[in-house]
2 protein chains.
Amino acid sequence: MVDRRGAGDEVVTTAAAKRSADAAESAADVRERARAIPEAAVARLAVYLRVLSGMAEQGVTTISSEELAGAAGVNSAKLRKDLSYVGSYGTRGVGYDVEVLVSHIERILGLTRKHSVAVVGIGNLGHALANYGGFPSRGFPVAALFDIDPDLTGVPVGGIPVNHIDDITSVCAEREVSIGVIATPPQAAQAVCDRLVSAGVQCILNFAPVVLQVPDYVEVRKVDLAVEMQILSFHVARRADEAAGDVVNGVGVDGVVIRP
Amino acid sequence: MVDRRGAGDEVVTTAAAKRSADAAESAADVRERARAIPEAAVARLAVYLRVLSGMAEQGVTTISSEELAGAAGVNSAKLRKDLSYVGSYGTRGVGYDVEVLVSHIERILGLTRKHSVAVVGIGNLGHALANYGGFPSRGFPVAALFDIDPDLTGVPVGGIPVNHIDDITSVCAEREVSIGVIATPPQAAQAVCDRLVSAGVQCILNFAPVVLQVPDYVEVRKVDLAVEMQILSFHVARRADEAAGDVVNGVGVDGVVIRP
DNA sequence: TCAACTTTGTGCATCCGTTCACAAGCGGTA
DNA sequence: TACCGCTTGTGAACGGATGCACAAAGTTGA
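Predicted model only: the values in this text are computed from it and were never measured.

Draft legend 1. Local environment of the protein's contact with DNA strand D. DNA strand D sits among 24 residues. The nearest are Ser 65, Gly 90 and Tyr 96 of chain A together with Lys 78 and Arg 92 of chain B. The sugar and phosphate moieties of DNA strand D supply 67% of its atoms located within 4 Å of the protein. The backbone of Gly 93 of chain A places a nitrogen or oxygen atom 2.9 Å from a sugar or linking oxygen of DNA strand D. Note that a phosphate oxygen of DNA strand D is positioned 2.9 Å from one of the side-chain N or O atoms of Arg 44 of chain B. Elements with a contribution of two residues or more to the surface near DNA strand D: helix 5 (76-86), strand 2 (90-91) and strand 3 (95-97) of chain A together with helix 5 (76-86) of chain B.

Structure below.
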């Protein structure tokens, strides 16, 4: 927690930096700024945040855009532009203060609040999610589990007893669930989604391989293994096609026969 | 290939359509076309494919761009453009033949070949992946499992015995693994990735929350739960901020003061 | 055969995100 | 203090994806 600006009352830590930022910028500015951040940039900010957290743990106090970009797998111009959406918190000629940057990204990502999570569908994946340690430690406590199987009701998984799916509305309201995770078979996903929405959940992470139909005000993110595999498959095929094409001309692009 | 269409001789349709397509178009054309498909469109093609498969199972033989777009959650113009990357296989005034479209998308996505998958890291997630039925049925047989824990070696998971990670090179080569799935703790991910790459695996699906460094010729896709959750968190926060903005003007959107 | 109707395929304009390039700003040094 | 070198922050150019709008092409029915 060493502060690089040695000049004066430097007990300025994360919280203090945050407060001064809030003071310098009106709430409306922050709002306007957040609204304007491209979705792709938000995803990268989350990655930067993890890298920065790792840096902080290793005692790094300052980092340049070049270094951070390298660690995050992007180019430095993009990184600086992404950070500029958050605000101007770097020091020219020096770089960024790791702690300060962490706190500002957390603020923009809304990580200063707790977001209670409900997992629906306690099969293989649901178990894995309920036991996944990464959630609570990052501000996403798993507050409820649901399944349609009555035999599972009451059984604790990852320390939390499973509720029957029929209780979803009351339990979600009571525990202030803001994010619902759907890990059910595809046939059940839309119905579960509808129930979550009517329970007031406005953000859904969907692992079921279906396209959910939701009202406009509900945000859905999809994690689809089959799609990911098929994208990889596409690249395998394209690569093989290119190799075949190049081989027709005798040798590979770089003069070497690829996978002979 | 496993035939998921239950209707008897339907594999013939697929194969025949493919053959005629290959005849109508030179291999170079197909290659050129595949090279030009935007990544975003590839992801959507995989979604269309699933929707179409479902339609086929329900006995639907023909579908219009409007219907398919609705089911896939995109607008019809985008859908038609995406399909135009694959080729012109619709009938004006009618729509698309479901079977034909399925076979052409499968061809473009490279699903006419088998892609053997290796899963590394047999923890909660690894178990879920090994037992996930969606892979084999869609042409992605899980051919190998690896873990660093010697106690797991030889134990069958999802019908496949776990190998020790030290055997990764030989086993991957022997079983012609083309896609590696990393489900290890983050600390181990880069080392595992390096081993997969040196074993000749060129496509990697990474569930570990780290940015993998790989040679240019290796394709990596990342599934990052923390990032997904944080993106949702951002939207929760943005929404709350917007509501708060309304509060500045008096009361919240629904007449309730948020965070008083 | 022809006209009316439906739906595809695509050129074009637009928008959004990425990249480039450099001025502005800061710390260090003499 | 004045200068030098380094790094940020951002205006502007660029490129790629999206959405519109319509001609082309096929079907249906008389």
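Draft legend 2. The interface of chain B and chain A, seen in detail. Between chain B and chain A, the residue contacts involve 67 residues of the former and 66 residues of the latter. Approximately 6200 Å² of surface area, both sides summed, lies buried where chain B meets chain A, with 66% of it carried by carbon and sulfur atoms. In terms of surface lost to chain A, no three residues of chain B exceed Met 229, Gln 230 and Phe 234 of chain B, which account for 12% of the buried area on that side. Along the contact surface separating chain B from chain A lie six salt bridges. Across the pair Glu 219 of chain A and Arg 239 of chain B runs a salt bridge whose closest N-O atoms are separated by 3.9 Å. Linking chain B to chain A there are 22 residue pairs in polar contact (both at pLDDT 80 or more). Contributing elements (two or more residues each) for the side of chain B that touches chain A: helix 2 (27-36), helix 3 (39-57), helix 4 (65-72), helix 7 (124-131), strand 9 (203-206), strand 10 (219-222) and helix 11 (225-248) of chain B. The biggest single contributor to the side of chain B that touches chain A is helix 11 of chain B, with 19 residues.

Parameters at a glance
Residues numbered from 1 in each chain as written. Chains lettered and ligands numbered in written order. Predicted model: local features only at pLDDT ≥ 70, side-chain atom pairs only at ≥ 80, totals over all residues. Heavy atoms only, no water. Near = heavy atom within 4 Å. Polar contact = N/O pair within 3.5 Å; in protein donor to acceptor, adjacent residues only side chain to side chain. Helix = DSSP H or I, 4+ residues; strand = E, 2+ residues; numbered from the N terminus. Contact = heavy atoms within 4.5 Å. Buried area = accessible area lost by both parts, 1.4 Å probe. Salt bridge = Lys/Arg side-chain N within 4 Å of Asp/Glu carboxyl O.

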